Amino acid sequence: MAEKILVTGALGQIGSELTLALREIYGVENVLSTDIQDQENQSDPYYEKLDVMDAGKIAEIVEQHKITIVYHLAAMLSATAEKYPKKGWDLNMDSLLTFLELAKEKKIKQLYWPSSIAIFGPDTPKNNTGQNALAIPTTVYGISKRAGEFWCNYYYEKFGVDVRSIRYPGLISWKTRPGGGTTDYAVDIYYQALEEGKYECFLSENTALPMMYMDDAIRATIELMQADADKLTVRTSYNLHALSFTPKEIAEDIQKHILDFEISYKPDFRQEIADSWPGSIDDSVAQKDWNWKPEFDLSAMTEAMLGNLKEKLGK
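What counts and what doesn't
Residues numbered from 1 in each chain as written. Predicted model: local features only at pLDDT ≥ 70, side-chain atom pairs only at ≥ 80, totals over all residues. Heavy atoms only, no water. Helix = DSSP H or I, 4+ residues; strand = E, 2+ residues; numbered from the N terminus. Rg over C-alpha atoms; globule rule 2.2 N^0.38 Å. Buried < 20%, exposed > 50% of the residue type's maximum accessible area, 1.4 Å probe, protein only. Contact = heavy atoms within 4.5 Å. Areas by Shrake-Rupley, 256 points an atom, 1.4 Å probe, with all protein chains shown as cover. Lys, Arg positive; Asp, Glu negative; His and termini not counted. Charge placed at Lys NZ, Arg CZ, Asp CG, Glu CD. 1 Å grid on protein atoms, 1.4 Å probe; cavity = no way out; pocket = protein on both sides within 12 Å on 5 of 7 lines; lining within 4 Å. Points joined across faces, edges and corners; volume = space filled by probe spheres on them. Nonpolar A, V, L, I, M, F, W, Y, C, P; charged D, E, K, R; others polar. Phe/Tyr/Trp six-rings, centres within 6.5 Å; stacked < 30°, edge-to-face > 60°. Lys NZ or Arg CZ within 6 Å of the ring centre and 35° of its normal. Arc of directions from axis to C-beta. Pairing = 2+ DSSP bridges. Axes fitted to C-alpha atoms, helices over the stretch in contact; angles between N-to-C directions. Core = buried A, V, L, I, M, F, W, Y, C linked by side-chain atoms within 4.5 Å.

**Side note on the overall build of the protein chain**
When helices and strands are tallied, the protein chain shows 11 helices and 14 strands. Computed over the C-alpha atoms, the radius of gyration of the protein chain is 19 Å, within 12% of the 20 Å expected from 2.2 N^0.38 for a compact globule of 315 residues. The principal-axis extents of the C-alpha atoms in the protein chain amount to approximately 55 × 45 × 40 Å. Every one of the 315 residues in the protein chain was classed for burial, and the buried ones make up 55%. Considering only intrachain contacts with a sequence separation of at least 6, the fraction spanning at least 24 residues in the protein chain is 78%. Accessible surface for the protein chain amounts to roughly 14000 Å². Of this, 48% is attributable to carbon and sulfur atoms. Computed over 33 positive and 48 negative side-chain charges, the inter-centroid distance for the protein chain is 3 Å.

Quick look at the structure:
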């Protein structure tokens, strides 16, 4: 029997690309994409508008479409959640518990829920941060993700729920515009380089953060979900790493392709958020458990971003 997959937050940065990748594997008709927004065009017959705070509607969709696997991506990101703390907590936590309960009741058999490097805090070791490093987050987003990790582990230990998770670093994609995250400068900088020839960065020039090109993130997500459950040793969330760079370093890489590109720096409230996160991640457990290995370094990512954006923007 074919898997029936539900993706929440499917119009977002990760969701838009993960949905396409899943449909290539499982068939278009077997992957239902949902989001709180209306579609820009009505061309996708396997899309439904969904507010993930509506537990009744979620249960209805799961039953109606005979959903077996859920990729629950809908969330309020770091910078936005700092402006709306209670709303951010409620959205990120209540929706996760809805899906964990459905899995506990055997209404679905597998759940994917993304965590983030935002679970780490200023007391976390900054370099090569380990899988079980001290994690005392200082943002609403990070607090909700850390709490969510513990809920996932609880439902696995207590009820045998097959829930899997990755702590994403900053994700970089050309397909969607930035959506309110602290690491989103590394997406916006490519757009601005092509559209304006300059960029004012909201982080200081030497702020190193873990990053990943979206192609690697999508592949990692699907590889984890397809991995043998017996080989998985982490049910909170796996550390994941690909590359680490500063705004200065990404600007210098862009300047190899756009010689007159200029960058300036005007740190805002997101600097404090970034300063609380690690600069690099140790993902050796993911490497051991499900053979994780990234494919894109900084130069390969810059070439891919600029090449695809030129075509998208008609440059």
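**Observations concerning the layout of surface pockets**
Of the pockets and cavities examined, the second largest pocket occupies roughly 180 Å³. Counting residues per element, the ones that place at least two in the lining of the second largest pocket are α1 (13–26) and α7 (214–226). Ranked by residue count, the leading element in the lining of the second largest pocket is α1, at five residues. Within the lining of the second largest pocket, the residues separate by chemical class into five nonpolar, no polar and four charged.

**A look at the packing of aromatic side chains**
Summed over the entire model, instances satisfying the criterion amount to 10 aromatic pairs. With a centroid separation of 6.0 Å and an interplanar angle of 75°, the aromatic rings of Y154 and Y155 are classed as edge-to-face. A relative accessible area of 38% places Y154 in the partly exposed class. Here R270 stacks its cationic end above the ring of F202, 3.5 Å away from the centre of that ring.

**A closer look at helix α8 (residues 247–255)**
Helical periodicity: at 3.6 residues per turn, an α-helix aligns residues three or four positions apart in one direction. Of the residues making up α8, those classed as buried are P247, I250, A251, D253 and I254. Here the buried residues of α8 occupy an arc of 160° about the axis, which is enough to place them on one side. Check the buried side of α8 and you find it contacts α6 (185–195), β10 (198–201), β13 (243–245), β14 (262–265) and α11 (298–313).

**Regarding the side chain of H241**
Locating H241 in the fold gives a position in the loop between β12 (238–239) and β13. The class for H241 is buried, based on a relative accessible area of 15%.

**Here we look at the pairing of strand β4 (residues 69–72)**
Residues of β4 alternate between two faces, with I69 and Y71 on one and V70 and H72 on the opposite face, all of them buried. Note: β4 against strand β5 (residues 110–112), three bridges, orientation parallel. Bridging from a neighbouring strand, Y71 pairs with Y112 of β5.

**Some thoughts on unusual backbone geometry**
A positive phi is found at K66, a non-glycine position, where the angle reads about 55°. Summarising the element assignment, K66 is placed in the loop between α2 (55–64) and β4. Located in the positive-phi region is N128, a residue other than glycine, with phi close to 55°.

**Focus: the sheet that holds β13**
Strand order in the open sheet formed by three strands is β9-β11-β13, with mixed pairing between adjacent strands. The open sheet terminates on both sides in strands that have one partner only, identified here as β9 (170–172) and β13. Shown here is a sheet whose adjacent strand axes are inclined to one another by a mean of 45°, direction ignored. When β9 meets strand β11 (residues 209–213), the two strands line up parallel, connected through three bridges. Bridge pairing in β11 links I172 to Y213.

**Description of the nonpolar core**
Y185, Y190, F245 and W290 are the most contacted members of the largest nonpolar core, which totals 101 residues. In terms of residues, this core owes the most to one element, α6, which gives eight residues. Contact partners of Y185, with chain neighbours within four places excluded, come to Y199, C201, F202, L203, M211, F245, T246, P247 and I250.

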